[in-house]
Amino acid sequence: MSRKTRFEIVYEDKEVLVVYKERNLLTIRTNDPKTFSKNLYHYVHDYLRSRHERPFIVHRLDFETSGLVVFAKTFAVKERLQSCFEARRVIRLYEAVVRQYVAIGKKKMVRLFLSENKNSFFVHKDAKGKESLTLFEARNPIGIGTALKVEILTGRKNQIRIALHDQGLTLIGDERYSKDKAKRMYLNAYYLLFPEESGLKQREFFMEPLWIREKLPVCRLYGEK
């Protein structure tokens, strides 16, 4: 991963490009001109343009979050993969580190309803909002806290950060909700598994976790893989 590209290629074929995004990088640009050429989409677009291809956004990660991001190479593939996300058929695993000690093996499903305030960067709990389902399990202690394995069953903006905060847990480095400062936000997306109906040649993508102890094959938290 170079400072110029700020991503690492995990997998590529004629339909998709799967990359590992480093932390503190936008997935796409914002209205701020400073971000027009400093975002993951721009870097991936430059990479594919030299091969006469173009990327299509399938999903996103927060600016502060590192991890796997999938780009489609055609609009048809983009729509097919996004329909898998919308149907909650994609298994998405993250890891997080909280400052508190959480009993190892403890599992918790957090069900919230969230809505986004368009006038701020915040997402709020709202009874009329969209359902957010987040499952976490305490896996192992590390020097600065407890490493959690996290599975999201919905794809709401900031949902892991809000779910942990709702449970009284401090996500290390999450300045927005936990008001915690650190060298980085300790949230990393390390595993994706698409269903058969995605039509992908390869459906499973992963990177070695940074903080949790995970053995292959990777197992999900909610039901069976």
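Bear in mind the structure is a predicted one, so any value in this text is a computation, not a measurement.

A. Structural view of the pattern of salt bridges. Enumeration over the complete set of coordinates arrives at 20 salt bridges. The salt bridge partner of Glu15 is Arg80, with a shortest N-O separation of 3.3 Å. Taken together, the residues Glu15 in the loop between strand 1 (7-12) and strand 2 (16-21) and Arg80 in helix 2 (residues 75-86) connect sequence positions 65 residues apart. The exposure class assigned to Arg80 is partly exposed, which follows from its relative accessible area of 26%. With a shortest N-O distance of 3.9 Å, Arg139 and Glu137 are connected by a salt bridge.

B. Layout of the pairing of strand 10 (residues 187-193). Most of strand 10 is tucked away: seven of the seven residues are buried. As judged from the two bridges shared by strand 4 (residues 66-72) and strand 10, these two strands associate in the parallel manner. Residue pairing across strands places Ser66 opposite Asn188, the latter belonging to strand 10. Pairing geometry for strand 5 (residues 91-98) and strand 10, over six bridges, is antiparallel. Note that in strand 10 the partner of Glu95 across the bridge is Asn188. Here strand 10 pairs with strand 11 (residues 204-206) via three bridges, running antiparallel. Looking at strand 11, one finds that Leu193 is bridged to Glu204.

Quick notes on the rules
Residues numbered from 1 in each chain as written. Predicted model: local features only at pLDDT ≥ 70, side-chain atom pairs only at ≥ 80, totals over all residues. Heavy atoms only, no water. Salt bridge = Lys/Arg side-chain N within 4 Å of Asp/Glu carboxyl O. Helix = DSSP H or I, 4+ residues; strand = E, 2+ residues; numbered from the N terminus. Buried < 20%, exposed > 50% of the residue type's maximum accessible area, 1.4 Å probe, protein only. Pairing = 2+ DSSP bridges.

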